[in-house]
Amino acid sequence: MSATLTHLPQVVPDPAELRGEGNEDHPMRRVTRQVAFQPDGWTSDRAGKVAALFDSLAPEWHTRMQPGRLDSLLDALQRGGAGAGPAKDGLVVELGSGTGFATPLLVEHFVGGVVVAMDLSCEMLVRAPDVAARVQADASELPLADRSVSALVLVNMLLFPVEVDRVLAADGSLVWVNSLAERTPIHLSAQDVGEALPGRWEGFASRAGGGTWCVLRRAAR
């Protein structure tokens with residue numbers, strides 16, 4: 001419903017080739033907003049189509065791992081406070097983990113925690129590195145207990161606000177990253193994320209290396 005954000009100064013500049021506006025008419029951009037803001041925006045038919053799309057993209061997905069792709073995630077982890085407190089030894093879930101670009105970084109960052117990589121696409125998961133448990137799941141119905149997750153990490157991933165609110169621990173962190181900022185097909189601004197989530201949230205946001213990020217926690221009462 002609302003978020004109080006502290007915007008941190010950018011310390012990792014955007015490469016010239018990664019600047020520019022996104023395509024608001026991109027099919028995945030429309031899906032992203034519908035899923036985040038419309039209760040009936042995600043259906044079994046849509047889930048099947050998205051799974052099939054990413055299954056088909058999985059064999060060449062590794063070609064998208066370009067230098068600097070993870071700069072925004074690194075910045076979020078270092079300056080957003082994710083990994084402090086309970087996440088040090090709690091459950092960390094990476095939603096939309098794909099072929100695992102970010103998974104090794106998360107395992108390294110959340111020392112002492114248990115990292116689980118989840119994705120809707122089985123073809124993506126079978127190509128991911130064997131550094132964390134891999135689970136095929138629909139993020140609209142996560143196989144996780146209420147308030148069981150210390151940190152949820154979403155890199156270029158659809159946001160399912162009700163499920164995020166359900167599974168995230170009372171003092172847990174949501175890490176939201178768009179590695180190409182506004183050019184990311186699956187894009188929401190930090191303010192959009194805060195408005196889509198139930199309740200009141202607070203946290204930090206910034207840009208880094210051509211991407212944007214925010215780290216949100218439930219606001220103190």
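Presented here is an overview of the structure given in this document. (Residues numbered from 1 in each chain as written. Predicted model: local features only at pLDDT ≥ 70, side-chain atom pairs only at ≥ 80, totals over all residues. Heavy atoms only, no water.)

## What about unusual backbone geometry?
Which entries qualify depends on this criterion: We call a residue buried when its accessible area falls under 20% of the maximum for its residue type, exposed when it is over 50%, and partly exposed in between, using a 1.4 Å probe and counting protein chains only. The way it works is that DSSP assigns letters per residue, a run of H or I at least four long becomes a helix, a run of E at least two long becomes a strand, and they are numbered from the N terminus.
A positive phi angle, close to 55°, is found at Arg-147, a residue other than glycine. The exposure class assigned to Arg-147 is partly exposed, which follows from its relative accessible area of 40%. Look at Asn-156: it is not a glycine, yet its phi comes out positive at around 55°. As for its position among the elements, Asn-156 is in the loop between β5 (149–155) and α6 (161–167).

## Points about the pairing of strand β7 (residues 200–208)
Inclusion rule: The pairing criterion is simple: DSSP has to find at least two bridges between the two strands.
Sheet analysis places strand β1 (residues 2–7) next to β7, joined by six bridges and oriented parallel. When the bridges of β7 are listed, His-7 appears paired with Ala-205. In this sheet, strand β8 (residues 211–218) lies alongside β7 in antiparallel orientation, the contact comprising eight bridges. Residue pairing in the sheet places Ala-205 in a bridge with Cys-214 of β8. With antiparallel pairing between neighbouring strands as the criterion, β7 and β8 make up a hairpin whose turn holds two residues, including Gly-209 at a positive phi of roughly 55°.

## A short note on the pattern of salt bridges
Using the following cut-off: Note on definitions: salt bridges are taken to be side-chain nitrogens of Lys or Arg within 4 Å of carboxyl oxygens of Asp or Glu.
One pass over the structure, following the stated rule, counts eleven salt bridges. Across the salt bridge formed by Asp-192 and Arg-33, the nearest N and O atoms sit 3.0 Å from each other. Taken together, the positions of Asp-192 in helix α7 (residues 190–196) and Arg-33 in helix α1 (residues 27–37) put the pair 159 residues apart, joining distant regions of the chain. What makes Arg-33 partly exposed here is its relative accessible area of 34%. A salt bridge links Arg-166 to Asp-146; the nearest nitrogen and oxygen atoms lie 2.7 Å apart.

## Here we look at the sheet that holds strand β2 (residues 91–95)
How we decide: Whenever a helix is involved, its axis is fitted only over the stretch in contact; in every case the axis is a line through C-alpha atoms, and angles between N-to-C directions fall within 0 to 180 degrees.
Strand order in this open sheet of eight strands is β1-β7-β8-β6-β5-β2-β3-β4, and the pairing throughout is mixed. Edge strands, defined here as strands with exactly one partner in the open sheet, are β1 and β4 (133–136). On average, each strand axis in the sheet is tilted by 20° relative to the strand beside it, whichever way the strands run. For β2 and β5, the ladder comprises four bridges, and the chain directions are parallel. Within β5, the residue paired with Glu-94 across the bridge is Val-153.

## Topic: the packing of aromatic side chains
Which entries qualify depends on this criterion: In this scheme Phe, Tyr and Trp rings, the latter by its six-membered ring, pair at centre separations within 6.5 Å, and the angle between planes marks the pair as stacked below 30 degrees, edge-to-face above 60, and tilted otherwise.
Tallied over the full model, the rule gives two aromatic pairs. When the ring of Trp-42 is compared with that of Phe-160, the centres are 5.2 Å apart and the planes differ by 80°; the resulting orientation is edge-to-face. Placement of the pair is Trp-42 in the loop between α1 and α2 (44–57) and Phe-160 in the loop between β5 and α6, with a sequence separation of 118 residues. Across the pair, exposure class does not vary: Trp-42 and Phe-160 are buried alike. Look at Phe-54 and Trp-61: their rings are 5.8 Å apart centre to centre, the planes differ by 70°, and that puts the pair in the edge-to-face class.

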